[in-house]
Amino acid sequence: AQSVTQPDIHITVSEGASLELRCNYSYGATPYLFWYVQSPGQGLQLLLKYFSGDTLVQGIKGFEAEFKRSQSSFNLRKPSVHWSDAAEYFCAVGSGSLNNDMRFGAGTRLTVKP
Amino acid sequence: SAVISQKPSRDICQRGTSLTIQCQVDSQVTMMFWYRQQPGQSLTLIATANQGSEATYESGFVIDKFPISRPNLTFSTLTVSNMSPEDSSIYLCSAPGGPRADTQYFGPGTRLTVL
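Residues numbered from 1 in each chain as written. Chains lettered and ligands numbered in written order. Predicted model: local features only at pLDDT ≥ 70, side-chain atom pairs only at ≥ 80, totals over all residues. Heavy atoms only, no water.

Turning next to the overall build of chain B. Along the backbone of chain B there are zero helices and eleven strands. If one aligns the C-alpha atoms of chain B with their principal axes, the spans along those axes are about 40 × 25 × 25 Å. Look at the contacts in chain B between residues 6 or more apart in sequence, and 52% of them connect residues 24 or more apart. (Helix = DSSP H or I, 4+ residues; strand = E, 2+ residues; numbered from the N terminus. Contact = heavy atoms within 4.5 Å.)

What follows is the structure in structure tokens.
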């Protein structure tokens, strides 16, 4: 069965510092991988996704993620964090089919220090 | 991408009552999905709502507690019945979008508090 692990429950970084949020997945076939962000009191917004091709994908708000099949990872990165990036980040894996077999990680809460 | 709206955005309800949440998508979609996000937790799929057929429920969720309607290709409702404080959660609907409908887009969520 597919699953997603986000090892870090909570991360604190200083504004302007770099950020990396970890995501490991377990999936029997070629995975469709996603990162979503949830600001307080809001729904989920898609940051980026990987289906195939270039393993480094660019997303919105200056985020990028790299797919590493050998490590079953899809870590999210940002070179310089802004205070507005404080939010909950969810990694998800699915098959990309119309049947929703998407599974979400537990989430990583990001705090940004001034 | 799909643009999804939900009503109400939040509500405070009494134990034993029911609340119906509405979800509207800006385009026709075959499937819509309902999720629950308990406080401090990740998302758990409640059910898949297909137009013209019964919803498909995930393990641990039953139709009597969470009846779903899907009257057309752009609209769905989720009812949380006979509520208890344990039902206090954010309820989100989603729908597929993108060129091959292979990406889930989410509504803003309904924050439910049961007293």
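A few words now on the overall build of chain A. In terms of regular secondary structure, chain A is built from zero helices and twelve strands. Beginning at the N terminus, the succession of helices and strands in chain A can be written as β-β-β-β-β-β-β-β-β-β-β-β. For a compact globule of 114 residues, the expected C-alpha radius of gyration is about 13 Å, and chain A comes in at 14 Å, within 12% of that figure. Projecting the C-alpha coordinates of chain A onto the three principal axes gives extents of approximately 40 × 30 × 25 Å. (Rg over C-alpha atoms; globule rule 2.2 N^0.38 Å.)

With 20 residues of chain B in contact, the opposing surface of chain A contributes 21 residues. At the boundary of chain B with chain A, total buried surface from both sides reaches about 1,700 Å², with 54% on carbon and sulfur atoms. When the area that chain B buries against chain A is broken down by residue, the three leading residues are S42, D102 and F106 of chain B, summing to 26%. Counting across the chain B and chain A interface gives five residue pairs in polar contact (both at pLDDT 80 or more). Of all the secondary-structure elements, those providing two or more residues to the side of chain B that touches chain A are β4 (31-37), β5 (43-50) and β10 (103-106) of chain B. (Buried area = accessible area lost by both parts, 1.4 Å probe. Polar contact = N/O pair within 3.5 Å; in protein donor to acceptor, adjacent residues only side chain to side chain.)

Bringing the pairing of strand β10 (residues 87-94) of chain A into the picture now. All names here are of chain A. Judged by how many residues are buried, β10 sits mostly within the fold: eight of eight residues are covered. Neither face of β10 is exposed, since A87, Y89, C91 and V93 on one face and E88, F90, A92 and G94 on the opposite face are all buried. Here strand β5 (residues 32-38) runs beside β10; their pairing, made up of seven bridges, is antiparallel. Note on β10: the bridge partner recorded for W35 is C91. Here β10 runs beside strand β12 (residues 108-113); their pairing, made up of three bridges, is antiparallel. Bridge pairing in β12 links A87 to L110. As paired elements, β10 and strand β11 (residues 103-104) share two bridges and run antiparallel to each other. Bridged to A92 within β11 is F104. (Buried < 20%, exposed > 50% of the residue type's maximum accessible area, 1.4 Å probe, protein only. Pairing = 2+ DSSP bridges.)

Here we take up the state of the cysteines. Taken as a whole and assessed by the stated rule, the structure comprises two disulfides over all chains. The side chain of C23 of chain A participates in a disulfide bridge whose partner is C91 of chain A; the two sulfur atoms lie 2.0 Å from each other. Here the S-S torsion is close to -65°, and the disulfide linking C23 of chain A with C91 of chain A is therefore left-handed. Of this pair, C23 of chain A sits in the loop between β3 (19-21) and β4 (24-26) while C91 of chain A sits in strand β10; the two residues are 68 residues apart in sequence, bridging distant segments of the chain. With relative accessibility at 0%, the residue C23 of chain A sits in the buried group. With a sulfur-sulfur separation of 1.9 Å, C23 of chain B is cross-linked through a disulfide to C93 of chain B. When the S-S torsion is 75°, as for the bridge of C23 of chain B with C93 of chain B, the disulfide is right-handed. Highlighted residues: C23 of chain B in strand β3 (residues 19-25) and C93 of chain B in strand β9 (residues 89-97), separated in sequence by 70 residues. (Disulfide = S-S within 2.5 Å.)

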